[in-house]
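The primary structure of each chain is shown beneath.
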Amino acid sequence: MLMVAWSVVRLIYWMLIVPYLIGQLFNFILPEGKKTIGITFILGFLIYIAIFEMVAIPCIINYVYESFTHCRQIYVVIVSLLAIGGSFRFSKSIFKRKIVCDLNTETKIYYGIFIALVLFQVVMNFIYAPFNGDDAEYVTNSLIAQQWGSMNRIDPNVGGPIDLKTRNVLAAVTMWIAFIAKSSSVHATIVSHVVMPLFVLPLVYYVYYQIGKSLFKEKKEIVPVFMIFINVLFMFGNVSLSTPATFLLMRSWQGKALFSNLALPMIFWLFLLMFEDVSAVNEAAGTKEKLKITAPCWIMLALVNVLSCICTELGVALGCVLVAILTIVLLYASKRWTVLVGAFLAVIPNLAYVAFYLILGGGA
């Protein structure tokens, strides 16, 4: 029992505390009104993932059988130093923000229904831990890294050595899951099927909550209704061709599920924030003031694109397409050509991914 409790503590530390402290270190880039617990965590999580991608790729390429061991050692040092730095910048004022309580009874009931639906999905995922045929590759790769210390060099089907697959090198989310499993001494399968849904579902719904706040800024009482609608879509949408439910509920540990349900909504959310800031930017006095308003969203967008890359190779192209479409709309709304510069800088991770993909030989 003590070992289980200690593993839970380490899961909380590596999946919640460390990303939050990293966010606390860098949340100086956020405007004052956005320095909330949730947004600070999202910023830290994006940086946390980006660092893993930058450490994992060289290790996968340069090492054969000890690649994961080297990756984990380097990654732990870097994120631990950043977390320590964040602890020194820790501000208690972030916990003193007042929660809006001037809601009418009907709105509070809707919020209660929304929270109950999220808890229901989390509990059902925890109890049933839905299995999927792709586990034979994704989860097995995580398990091989956890137990053997090698990343993507061993065939998950027969256990023999194989050549690197380019898409596995760059889409390293399975290796991040292996890192969480190894650092907490929890089996990679349990992390994938039990821990990841407990982590991903609330995070996805928080992003949609932020989207709702932006869409219904003048009518906050509609936000919980919007969230209930999103819940219903996820539970009964049946948008997956291979499973009778959404990727979010059935495959929350897989890269394509994280991309479609977390990265894409984040891109929408960040552009909504930029649309909100159009007037403020146009009224700002100088270039420095304009950058203070616009830079945080573009920086976070670049980090979201890194998340897209680590999730799936499809995220590289699809993320760029969505950014391009929304940038054109933002260009029309703001009448500022500088948004093209911001968009180009934000997709540099995608371009770097393509360059690495071609250098490594491409292929499936």
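Rules and cut-offs
Residues numbered from 1 in each chain as written. Predicted model: local features only at pLDDT ≥ 70, side-chain atom pairs only at ≥ 80, totals over all residues. Heavy atoms only, no water. Helix = DSSP H or I, 4+ residues; strand = E, 2+ residues; numbered from the N terminus. Rg over C-alpha atoms; globule rule 2.2 N^0.38 Å. Buried < 20%, exposed > 50% of the residue type's maximum accessible area, 1.4 Å probe, protein only. Contact = heavy atoms within 4.5 Å. Areas by Shrake-Rupley, 256 points an atom, 1.4 Å probe, with all protein chains shown as cover. Phe/Tyr/Trp six-rings, centres within 6.5 Å; stacked < 30°, edge-to-face > 60°. Salt bridge = Lys/Arg side-chain N within 4 Å of Asp/Glu carboxyl O. Expected span 1.5 Å × (residues − 1). Core = buried A, V, L, I, M, F, W, Y, C linked by side-chain atoms within 4.5 Å. Patch = residues over 30% accessible without salt bridge, like charges linked within 9 Å, V, L, I, M, F, W, Y side chains within 5 Å. Arc of directions from axis to C-beta. Axes fitted to C-alpha atoms, helices over the stretch in contact; angles between N-to-C directions. Parallel < 35°, antiparallel > 145°, perpendicular 65-115°, else oblique. Nonpolar A, V, L, I, M, F, W, Y, C, P; charged D, E, K, R; others polar. Disulfide = S-S within 2.5 Å. Polar contact = N/O pair within 3.5 Å; in protein donor to acceptor, adjacent residues only side chain to side chain.

Asks: Just to check I follow, could you spell out the overall build of the protein chain for this structure?
Replies: When its secondary structure is counted, the protein chain shows 16 helices and 0 strands. Over its C-alpha trace the protein chain gives a radius of gyration of 21 Å, about what one expects of a compact globule, namely 21 Å for 364 residues. Each of the three principal axes of the protein chain carries a C-alpha extent, and together these read 60 × 45 × 45 Å. Of all 364 residues assigned to the protein chain, the portion counted as buried reaches 51%. Pairs at least 24 residues apart make up 74% of the contacts formed inside the protein chain by residues separated by at least 6 positions. As displayed, the protein chain has an accessible area near 17,600 Å², and 71% of this comes from carbon and sulfur atoms.

Asks: Sorry if this is basic, but what is going on with the packing of aromatic side chains here?
Replies: Given two aromatic rings, their pairing is described by the distance between the two centres and the angle made by the two planes. Across all of its chains, the model carries 19 aromatic pairs by this definition. When the ring of Y75 is compared with that of F179, the centres are 4.8 Å apart and the planes differ by 80°; the resulting orientation is edge-to-face. Remark: F179 occurs in helix α7 (residues 173-184) and Y75 occurs in helix α3 (residues 67-88); sequence separation between them is 104 residues. Per residue, the accessibility class of Y75 equals that of F179, and both read buried. Here F114 and Y205 contribute two aromatic rings whose centre-to-centre distance is 6.2 Å and whose plane-to-plane angle is 75°, an arrangement assigned as edge-to-face. With F114 in helix α4 (residues 105-128) and Y205 in helix α8 (residues 188-215), this pair connects stretches of sequence that are 91 residues apart.

Asks: Even after reading the chapter, I still don't get the pattern of salt bridges, so can you show me in this structure?
Replies: Should the charged atoms of two oppositely charged side chains come close, the side chains can pair. Under the defined criterion, the tally for this structure stands at 2 salt bridges. Of the charged contacts, one joins K35 and E32 as a salt bridge, the two residues approaching to 3.6 Å between their closest N and O atoms.

Asks: How should I be thinking about the environment of A257 in this particular structure?
Replies: Take A257: it is sitting in helix α11 (residues 255-276). For the pair A257 and C311, spaced 54 residues apart in the sequence, the C-alpha separation amounts to 8.3 Å. Apart from residues lying up to four places away in sequence, A257 is in contact with F247, R251, S252 and L262.

Asks: Sorry, what's going on with α7 here?
Replies: An α-helical turn contains 3.6 residues, so a residue and the one three or four places further along point in the same direction. Between its first and last C-alpha atoms α7 spans 17 Å; for 12 residues at 1.5 Å apiece the expected length is 16 Å, and the two agree. Counting buried positions along α7 gives 11 out of 12 residues, so the element sits mostly inside the fold. For α7, the complete set of buried residues consists of V173, T174, M175, W176, I177, A178, F179, I180, A181, S183 and S184. A positive phi of about 60° marks S185, the residue just after α7.

Asks: What am I meant to see in the nonpolar core here?
Replies: As a rule of thumb, soluble globular proteins bury nonpolar side chains together. Counting 111 residues, the largest nonpolar core has Y48, F52 and W176 as the members making the most contacts within it. Ranked by residues supplied to this core, first place goes to helix α2 (residues 37-62) with 17 residues. Setting aside anything within four residues of it in sequence, one finds Y48 in contact with W14, V18, P19, I22, Y75, V79, W176, F179 and I180.

Asks: Quick question: what am I supposed to make of the environment of P197 here?
Replies: Along the chain, the position of P197 falls in helix α8. Spatially, the C-alpha atoms of P197 and W253 are 7.0 Å apart, while their sequence positions differ by 56 residues. When residues no more than four places from it in sequence are discounted, the contact partners of P197 are N125, S192, P202 and S252.

Asks: Mind showing me how you'd approach a nonpolar patch on the surface here?
Replies: Taken together, M1, V4, V8, I12, Y13, L16 and I17 make up a surface patch of nonpolar side chains, about 660 Å² in accessible area. The residue I17 is located in helix α1 (residues 2-26) in this model.

Asks: Quick question: what am I supposed to make of helix α15 (residues 338-346) here?
Replies: Inspection of α15 places V339, G342, A343 and A346 among the buried residues, and these make up the whole buried set. For α15, the angular spread of buried residues about the axis comes to 100°, placing them on one side. Where α15 is buried, its residues touch α13 (287-311), α14 (314-334) and α16 (348-359).

Asks: Looking at this structure, how should I read the packing of α1 against α2?
Replies: The description of two helices packed together rests on the angle between their axes and the distance between the axes. Where α1 contacts α2, the axes come no closer than 7 Å and their chain directions differ by 100°. Regarding the angle of α1 to α2, the classification is roughly perpendicular. Here W14, M15, L16, V18, P19, Y20, I22, G23, Q24 and F26 of α1 come into contact with α2, specifically with I37, T40, F41, L43, G44, F45, I47 and Y48. Residues belonging to the contact of α1 with α2 are distributed by class as follows: 14 nonpolar, 4 polar and no charged.

Asks: Help me understand the side chain of H193, please; the structure alone is not making it clear to me.
Replies: Tracing the chain through its elements places H193 in helix α8. Looking at H193, the relative accessible area reads 7%, which means it is buried. Among residues more than four places away in sequence, those in contact with H193 are N125, A129, P130, F131, N132, D135, V139 and W253.

Asks: Looking at this structure, I do not really get the state of the cysteines. What am I missing?
Replies: One covalent bond between the sulfur atoms of two cysteine residues makes up a disulfide. According to the stated counting rule, one finds 0 disulfides in the structure shown. Among the cysteines around C71, which has no disulfide bond, C59 carries the closest sulfur, lying 4.9 Å off. On the basis of relative accessibility, which here comes to 0%, the residue C71 falls in the buried class. C297 forms no disulfide, and the closest cysteine sulfur to it belongs to C320, at a distance of 18 Å.

Asks: Is there a simple way to explain the side chain of T312 in this structure?
Replies: Along the chain, T312 falls in the loop between α13 and α14. A residue is classified by how much of its surface remains accessible, and T312, at 11% relative accessible area, is buried. In this structure the side chain of T312 is engaged in a polar contact, spanning 3.2 Å, whose partner is the backbone nitrogen of L314. If we skip the residues at most four places from it in the chain, T312 touches A171, G255, K256, F259 and Y353.

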